[in-house]
Amino acid sequence: MKTKVRVKKDFYMSFFAILLGLLAGAVLMAVTGNNPFEGFFYLFRGGLMNIERIGNTLATATPLIFAGLSVAFAFKTGLFNIGGAGQMLIGGLCATAIGLTFDLPKPILLTMIVFGSLIGGALWASLPGLLKARFNVHEVVSTIMMNWIAYWVIYYIVPQYFKGPFLETESQRIPEAASLKVPWLTELFNGSYINLGIFLAIIFVVISSLILERTTLGYELKAVGYNRDAAEAAGINVNRNIVLSMAIAGALAGLGGATFYVGFASNMQIGVLPSQGFDGIAVALLGANSPWGVFAAAVFFGLLHTGKGFMNAMTAIPPEVADTIIATIIYFAATSVLIERNWDKIKKINFAALLNRGKKDSLKAGSGGEQ
Amino acid sequence: MVDLIYQLFPYAIAFTIPLLLTSLGGLFSERSGVINIGLEGLMLMGMFVGAFTISQTEAANPGTAVWIGLLSAAVFGAIFALLHAFACVTLNANQVISGIAINMIASAVTVYLARFLTGSGNVQIIRGLSRQTIPLLSDIPVLGRLFFTQSYATTWLVLFILAAATFLLYKTKFGLRLRACGEHPHAADSAGVNVYLMRYMAVIISGACAGLGGAIFIVTLSGEFNGTAAGLGFLALAALIFGQWKPWGILAATFFFGFASTIANVSQVIPTLAQIPGIYLKTFPYVVTLIALVLSSKSSQAPKAIGEPYDKGKR
Amino acid sequence: MDYIVEMNNIRKEFPGIVACDDIDFQVKKGEIHALLGENGAGKSTLMNILFGLYQPDSGSIVLRGKKTNIANPNIANDLGIGMVHQHFKLVHNFTVTENIILGLEPTRALMVDTRSASSRIRELSKRYNLNVNPDAKIEDVSVGMQQRVEIIKMLYRDAEILIFDEPTAVLTPQEVQELTKIMHSLIDEGKTIILITHKLREIMSIADRCTVIRWGKVIGTVSVSETSEEKLAEMMVGRKVIFDLDKKEARPKEEILSLEKLTVNGKDGGHGLKSFSLGVKCGEIVGLAGVDGNGQSELIEAVIGLRKPDGGKILLHGEDISNLSIRERIEKGVAHIPEDRHKHGLVLDYTVQENFILKNYYQPPFSARGLLNWDTIYEHAERVIKDFDVRSGQGVEASARSLSGGNQQKAIVGREIDGNPDLLVAVQPTRGLDVGAIEYIHQRLLEQRDQGKAVLLISLELDEILDLSDRIAVIYNGELVGIVDADETDENEIGLMMAGGKRGAAV
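What you see is a predicted model; the values in this text were computed from it and never measured.

**Notes on helix 7 (residues 173–183) of chain B**
The buried fraction of helix 7 of chain B is high, at 8 of 11 residues. When helix 7 of chain B is considered as a whole, its buried residues turn out to be Leu 176, Arg 177, Leu 178, Arg 179, Ala 180, Cys 181, Gly 182 and Glu 183 of chain B. Looking at the buried side of helix 7 of chain B, the elements it contacts are helix 1 (2–31), helix 6 (153–171), helix 8 (185–190) and helix 9 (195–222) of chain B together with helix 3 (96–101) and strand 8 (111–112) of chain C.

**Considerations on the nonpolar core**
Side chains of nonpolar character tend, in soluble globular proteins, to be buried together. In terms of nonpolar packing, the biggest core is built from 372 residues, with Ile 330 of chain A, Phe 48 of chain B together with Leu 50, Leu 423, Val 425 and Leu 456 of chain C touching the most fellow members. Among all residues touching Leu 423 of chain C, those that are not within four sequence positions of it are Ile 256, Leu 257, Val 280, Leu 316, Gly 333, Val 334, Ala 335, Ala 454 and Leu 456 of chain C.

**Considering the interface of chain A and chain B**
Note: interface size is frequently given as the accessible area lost on complex formation between the parts. Chain A puts 34 residues into the contact, and the matching count from chain B is 34 residues. Listed by contribution, the elements that provide at least two residues to the side of chain A that touches chain B are helix 5 (106–135), helix 6 (139–161), helix 12 (276–286), helix 14 (320–334) and helix 15 (337–341) of chain A. Here the residues of the side of chain A that touches chain B sort into 26 nonpolar, 6 polar and 2 charged.

**Side note on the sheet that holds strand 24 (residues 479–485) of chain C**
Residues and elements named next belong to chain C. Judged by pairing direction, the sheet is mixed, and its 6 strands sit side by side in the order 18-21-22-15-23-24 without closing on themselves. Either end of the sheet is taken by a strand with one partner, and the two such strands are strand 18 (334–337) and strand 24. Pairs of neighbouring strands in the sheet enclose a mean axial angle of 20°, with direction left out of account. Note that strand 21 (residues 423–427) and strand 22 (residues 454–458) share 5 bridges and pair parallel. The partner of Val 425 across the bridge, within strand 22, is Leu 456. Together, strand 18 and strand 21 form the strand contacts of helix 14 (residues 405–418), whose direction differs from that of strand 18 by roughly 175°.

**Some details on the domain arrangement of chain C**
Residue and element names in this part refer to chain C. Looking at the assigned domains, one finds that chain C contains domain 1 (3–237), domain 2 (246–333 + 421–502) and domain 3 (339–420). Between the C-alpha centres of domain 2 and domain 3 there is a distance of 25 Å. Across the boundary between the two partners, domain 2 contributes 13 residues, which contact 11 residues of domain 3. Breaking the side of domain 2 that touches domain 3 down by element, the ones donating at least two residues are strand 21 and helix 15 (435–450).

**As for the interface of chain B and chain C**
Listed by partner, the interface residues are 16 residues for chain B and 16 residues for chain C. Considering each element in turn, the side of chain B that touches chain C owes the most residues, 5 residues, to helix 7 of chain B. The residue inventory of the side of chain B that touches chain C, partitioned by class, reads 6 nonpolar, 5 polar and 5 charged.

**Some details on the pairing of strand 22 of chain C**
Residues in a regular strand point their side chains to alternate faces of the sheet. Residue and element names in this part refer to chain C. Buried residues dominate strand 22, accounting for 5 of its 5 residues. Here strand 22 shows no split at all, with Ala 454, Leu 456 and Ile 458 on one side and Val 455 and Leu 457 on the other all buried. Taken together, strand 21, helix 15 and strand 22 constitute a β-α-β crossover, and its handedness is right-handed.

Scoring rules and cut-offs
Residues numbered from 1 in each chain as written. Chains lettered and ligands numbered in written order. Predicted model: local features only at pLDDT ≥ 70, side-chain atom pairs only at ≥ 80, totals over all residues. Buried ≥ 20, exposed ≤ 12 C-beta atoms within 10 Å, placed from the backbone. Helix = DSSP H or I, 4+ residues; strand = E, 2+ residues; numbered from the N terminus. Contact = placed C-beta atoms within 7 Å. Core = buried A, V, L, I, M, F, W, Y, C linked by C-beta atoms within 7 Å. Nonpolar A, V, L, I, M, F, W, Y, C, P; charged D, E, K, R; others polar. Pairing = 2+ DSSP bridges. Axes fitted to C-alpha atoms, helices over the stretch in contact; angles between N-to-C directions. Domains from an automatic or database assignment. Right-handed = clockwise from strand over helix to strand, strands pointing away.

See below:
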């Protein structure tokens, strides 16, 4: 019964955050002289209007699902993984390197890519985990540092070892055998970017959910997250769980990197921190750190990102309005206290009665006008 | 080698100054107990406002446009920081998440506005700040050539701000109260200090500093707004930590980072430096910050109450 | 008119609880007035209202005959009200002077004028015999000194009405005596003191009058000279309090826990533990008495396994366990009722049933091959809450946070005793509980003893130690002062030993 209340509350909070995010987007459209309704119409249409666009929405959502799971998983252990972007880069680098180095049949190569990116991300993230466990270095700061270290590592490694034929700033294209895109899926969605990554994502949503709810590992991780001291006093190895949790979070983000760089895209750009790493924080917050909530939130953000180009083509609204909406959602998710604080009042609102009263008021106003 | 240092020095200083100012901004915020991961976004806002103001006014006032731009960057940085203050102080929000939101809002809104106002995502200025050689002082041996030759006026402005900030934090009652809020807000409150007000002021100061820092970067080094602060804000954050939340520590850290970044940037064109792989120079600030965190883990000077929302009711 | 403070019909509600239920409270000028009540009775809330930290929902405050509205602590200061909180409000890396002048800084040429401030502090220190060094940093001075800094803070602000919230909880017996002297000299200088406490003896020795609060209501105000500890206790609790427990003769058997020259270095400049030796036998309760911060936490952490000892041995059943992990010690039969139940005892956001398996979730029948067995976990929890009378509104699926303090503590006691341990380390097992829960937990501890288990009881409440223990060990400065039989000692002797005096030294 308690959990039901909790879920309902989380749902309302996410709902209000989205509402306020959309409102901020609308204000931005309006002050720049655009019609927000038109803007939203094309924004959502652009993500949904045909099977190809739906495919693109799912393809865009795929790395977001992984990034969101990564943040949510670490959060369950009380850790704030801001390093998703760097872990994605490292996962993507591992995937790209494997794809460009080995000439193997697709199933074998993809298996290697999945495990390679997973291990790469896990190792990259376990360093902040170790620093936290061993030296109590705050993971927020260390993962930020790790992001920029990853950024510069990619910046120098890609041109040096995997330079593309035309530009200094990107890697070679990976061969078809190393891509998560498969012809039947691309054709099914009319040439969309969708790829096997979405199935991987769903598999990992299920796995995460099982780990957290059903296993002793999940029990330990959450115990450490809720109360590190009590967990330690009860004989749980806190340090091991911290490192493990960061490693799992990194593995998820690393996989997300693979689905982005060798699934959605076909090469790596240098000089960019993937925005999904930060969007993942929004995804996790909006999804209330539950795996299926993350899935839903990521699909919603995927929709915004896919639709923004179409909106930009059909109206004069710059595409960054979608990013503004997402950023505002994070802001209001952070300030969810507003809703927490007034939760009791919100609960008491009887929406039916409110509607009736609204009617009455308008009736009154109407009759007042007649007098 | 000596010539090389003379050559690099002005660039290193020019790179250090925006970092130093932004980091000082972070110092105010964090010493009052509010984590400021949003420095990057606040800088970006300053970059955009500065570049846009200058591009609009420089035709009419070629002499003063740069200064108007710097001033408006500071003002808008301060206003934008209110958003962070509101979330962290009034709404008891998670300060880390709010900071991330600040970064994301800044990068989305500035590019949106840049596209809307100029058609492209970039805003260019025609004339930045010019370098000046200070007469007399530049004749001092060694130091004169290092510090007083080819220097920007903003460098002196920022060094003055550094001195003023140190005075403000350690000698005045404003500083005493601000630091008390970052260490033990309940003590400050029961002594009659308005914790909320102090934290608001600190975060607003950090916004003004970071905004000005971003604009200084535009008028001295880059000459255009291109939609990203390229991690400068995070570098400033690293310097704040590496400098152990102390003004002079921050000066040393930012100079250290500024010099390393400058060497990395020019290493391609200067043969003596080309031997040092850029990857080491560029990752250097972040790696040393991690190492500093490990070394200081036993005796960190971080403000005690940093990151804790202050709630009167919970005592 | 001779009242300096009159609080009339004060009412304050928090979500789900009425902290002050129309309270009337009057203090005469120049008296030491004690405010007595159990934990959660509402006495701190009432004083926080007087100090301006909370606003009452209704009621009025009259100071020196004038009705006033105290909107914040600044106004309280202006009205001459000062408060020493139970947890000191001092900035650890500021100097004494900086802490005292915070909020009222004298300035000269824009700068804080610490020199004139510290000379005034020196003056005050001399006048009231407080012996405070204005230039010392707070983190470097003792707890007793910090309390005196708080007192000067009030005097610096010319406070006339001084509120002390549980001031003796952190002090040694001598420091308590010193504090008593200081309080009397304050009264001689014309101040008025309100003393919040739940310690009856303190009231009898210090206060002039006493107001008793229960469940947010005033039970009565009495003159201390006309009452007794028993009467005050009855007013506080609402029924006759039986001071004597039903305690059978102890039948100690073989020694199960032996500490041999155990040494643990102190943390944060604490004393640590110095070559400490102690044995605990099956079938007895050994009480460890001492003032807070004399090495108790180091001893507990070393025995539980939270800290590695720096020297000496910890033997359990004759086997050295000092290098075993916490989990290995639990498996060997060490149970622990922690001092801070929220910090170390419970995962508040876990449900009651999840909390019951905190120490053995990884073992059958609660899990197999890494998968949790929720049905068994549920049944187990249902049984434990029945056996240990844990009252929870929503049964075992309620979050631990939603339980009252007493029920949370019973849940911990239930979990620890249900594991059938050989040695139970109980630290302040009744802190912050009401009398009913205290009696219940004391009974369960005695029951453990009677079943032939060993109990090591660590408490700051001397009464608890004296009531329950069979033998009492006294710790001071990280060293064992002595061990005495509970039947052959009394409060005075233990009190002297707690101050470091050897047995028999004082007559």
